[in-house]
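Observations on the model geometry
The primary structure of each chain is shown beneath.
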Amino acid sequence: MSSQIFNEDCRVTLKREEVTYDYVLTSPPDFMEVGLTAREQAPYVEFLTEVFSLFRPRNNVVSLLMTDKKKDSIIYTKHILNIEVMRKLGWELISEKIWCRSLSANLYESTFSFVLTFSKGPYKQNRHPEFGPDVFHIKREEGVRKYQHRHIGLNSFPAELGKKFVLNYSQEGNTVMDPFMGIGGTALSALQCGRSVVGSELDSETHRLCLERVSEEESIQESVLGFIV
C-alpha cells in the first residue's frame with residue numbers, strides 16, 4: 001500500500017472503506033486545537049470518544065501520546081481523560097511510557113509526555129530492545145520549528161521516539177495510522193522503519209508543511225511515498 005495523508009477531518013478518513021491499517025500511533029489534539037478551553041472537558045471527551053470509536057487496527061493496538069496541560073497554576077490531566085475514554089470503548093491499557101524532553105524546570109509547560117498503549121483482543125509485540133525502558137530521554141528535534149504553523153506542531157514527537165513504538169508493535173510492510181498527523185512525526189517514524197503510513201491533517205497549511213517535511217527526509221526512499229494532497 002502506498003502512503004496516504006489526507007487533508008480532511010480524521011473522522012472522514014477513518015470511515016473510508018479503502019483505508020486499512022495495522023497499528024495506530026497518534027498524538028490527540030490539545031483542547032485549544034479543537035476550539036475548547038482546558039476547563040471544557042465534557043465536550044473534549046465527547047470528541048475523543050467519537051474519534052477513538054472509529055479505530056480498527058488489524059493488530060489491535062493503539063498508542064496515544066499526550067502532554068498534560070499546565071494553565072493558571074492548575075494541571076489538567078489529559079492522560080487520565082484518554083485512559084477513561086479508551087477503557088469505556090473496551091480497550092485495555094497494556095503499556096505506559098514517559099517521554100522526557102528536558103530535565104530543566106519549566107513553570108509554563110510540562111517537560112514530559114505520556115505514551116499510552118492499548119489493546120483490544122489478541123495482539124503481538126516484537127519486544128524490540130529499544131522499547132525496553134519506561135522512560136525515554138529524547139530532546140526535541142533540531143530545526144522542527146520551521147515546519148510549525150501557529151500552535152499546531154508544537155507537540156510533535158521526534159522520529160527517534162516514534163520508531164521505538166513502530167518497531168515494537170508493527171511488522172515491516174505494515175501500515176501505521178495517524179488521524180492527527182500534524183507535521184508528520186508518525187509519518188517519519190513509520191517510513192524510516194519500512195512501513196507505509198496513512199492518516200489525515202485537517203489544517204491545510206499544516207498538511208502542506210507535513211508533506212514538505214517528509215519529502216525532504218533523505219533517509220526515506222521515494223518508492224514508499226505516494227501522498228494524496
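Preceding this section is the structure that the text describes.
Heads up: these notes are all about the structure in this document. Nothing here was measured: the structure is a model prediction, and the numbers come from that model.

**Things to note about helix 3 (residues 78-88)**
Think of an α-helix as 3.6 residues a turn; residues three or four steps apart then line up on the same face. Buried residues of helix 3: K78, H79, L81, N82, I83, V85 and M86, and no others. Structurally, helix 3 contributes buried residues whose contacts are with helix 2 (41-52), strand 3 (61-66), strand 5 (74-76), strand 6 (92-100) and strand 7 (112-119). Backbone geometry just after helix 3 places G90 at a positive phi near 95°.

**Looking at the nonpolar core**
If you look at the biggest cluster of nonpolar residues, it comprises 32 residues, and the most contacted ones within it are V51, F52, F55 and L64. For this core, the secondary-structure elements that each account for two or more residues are helix 1 (10-15), helix 2, strand 3, helix 3 and strand 7. By residue number, the principal contributor to this core is helix 2, which donates five residues. With residues up to four places along the chain from it excluded, the contact list for V51 reads C10, R11, L14 and F180. Of all hydrophobic cores here, the second largest spans 28 residues; its members include W99, V166, A187 and L188.

**Some details on the pattern of salt bridges**
Scanning all chains against the criterion turns up 11 salt bridges. For R58, the salt bridge identified is with D22, shortest N-O distance 3.0 Å. Pair noted here: R58 is in the loop between helix 2 and strand 3 and D22 is in the loop between helix 1 and strand 2 (23-26), with a separation of 36 residues, a long-range link. Salt bridges here are not isolated pairs; linked through shared partners, they connect E8, R16 and E18.

**Some words on helix 5 (residues 185-192)**
Buried residues dominate helix 5, accounting for seven of its eight residues. Listing the buried residues of helix 5 in full gives G185, T186, A187, L188, S189, A190 and L191. On the buried face of helix 5, the contacting elements are strand 1 (4-6), strand 2, helix 4 (159-169), strand 9 (175-178), strand 10 (196-200) and helix 6 (204-215). Phi for G194, located one or two positions after helix 5, is positive at around 80°.

**Re the pairing of strand 6**
Inspection of the sheet shows strand 6 paired to strand 7 by eight bridges, in the antiparallel sense. Within strand 7, the position partnered with L93 by the bridge is F118. Looking at chain direction, strand 6 and strand 8 (residues 135-137) are connected through three bridges and run parallel. Bridge assignment links C100 to a residue of strand 8, and that residue is H137.

Rules and cut-offs
Residues numbered from 1 in each chain as written. Predicted model: local features only at pLDDT ≥ 70, side-chain atom pairs only at ≥ 80, totals over all residues. Heavy atoms only, no water. Buried < 20%, exposed > 50% of the residue type's maximum accessible area, 1.4 Å probe, protein only. Helix = DSSP H or I, 4+ residues; strand = E, 2+ residues; numbered from the N terminus. Contact = heavy atoms within 4.5 Å. Core = buried A, V, L, I, M, F, W, Y, C linked by side-chain atoms within 4.5 Å. Salt bridge = Lys/Arg side-chain N within 4 Å of Asp/Glu carboxyl O. Pairing = 2+ DSSP bridges.

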